[in-house]
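# Topology and contacts: notes
Listed here are the chains, written in short residue letters.
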Amino acid sequence: MLGVKEESDMEIAIIASWIIFSIIGGVIAKHKGRSAIGFFLLCLLLSPLIGIIAALVSEPNVAKLESARIASGESKKCPYCAEIIKREATVCRYCGREVSSASSSSSTTGLIYEHTPEFKEMRTRALIITAIVAAVLLIIIVLKGGL
Ligand SMILES: [Zn+2]
């Protein structure tokens, strides 16, 4: 009796860590401007080890990362050389020219933040995480023989 219980606890631990590492794979992909959901599914289907390695070695989507940073107000584009620089920068670190500091617009950043694509993406992510947690709980309930 005790043996059976220990076995199912281990199964739950394996499934839980499988899902947690799949989420980590998705987060790594996200930080590279790649599809978080795509890599999460890759981890889930193949194995988190393969998915995380794939996320780590994948080429970052620079264009997507840059536009996300500009949208969030974290970065801006240098008007002279078109390189992405920090929003607070007064001198471009690429071409050395003076750029106007966008500090005046920083006060409005918080107000318009709710309407940015990033906020919407965050909301979508929260929904996905909720769905994953619900799925994990369902798996645990099924494994425990509750259904
Ligand atoms: Zn520049």
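Rules used in this analysis
Residues numbered from 1 in each chain as written. Predicted model: local features only at pLDDT ≥ 70, side-chain atom pairs only at ≥ 80, totals over all residues. Core = buried A, V, L, I, M, F, W, Y, C linked by C-beta atoms within 7 Å. Buried ≥ 20, exposed ≤ 12 C-beta atoms within 10 Å, placed from the backbone. Helix = DSSP H or I, 4+ residues; strand = E, 2+ residues; numbered from the N terminus. Contact = placed C-beta atoms within 7 Å.

### Digging into the nonpolar core
Residues Ile-28, Ala-29, Ala-36, Phe-39, Phe-40, Leu-42, Cys-43, Ile-52 and Ala-55 constitute the largest nonpolar core, which totals nine residues. Within the residue set of this core, elements represented by two or more residues are helix 1 (2-31), helix 2 (36-45) and helix 3 (48-57). If you tally residues by element for this core, the top one is helix 2, at five residues. Residues within four places of Ala-29 in sequence aside, it is in contact with Arg-34, Ser-35, Ala-36, Phe-39, Ala-55 and Ser-58.

### Some details on unusual backbone geometry
Here Ala-82, not a glycine, exhibits a phi torsion of approximately 65°, which is positive. Inspection of the secondary structure assignment puts Ala-82 in the loop between strand 1 (75-77) and strand 2 (84-86).

### Description of the environment of His-31
Relative to the helices and strands, His-31 resides in helix 1. For His-31, a count of 12 C-beta atoms within 10 Å corresponds to the exposed category. Expressed as a C-alpha distance, the spacing of His-31 and Pro-60, which sit 29 residues apart in the sequence, is 8.3 Å.

### Overview of the environment of Lys-5
Tracing the backbone through its elements, the reader meets Lys-5 in helix 1. Looking at Lys-5, the number of C-beta atoms within 10 Å reads 10, which means it is exposed. Taking the C-alpha atoms as reference points, Lys-5 and Lys-144, 139 residues apart in sequence, are found 8.9 Å from one another.

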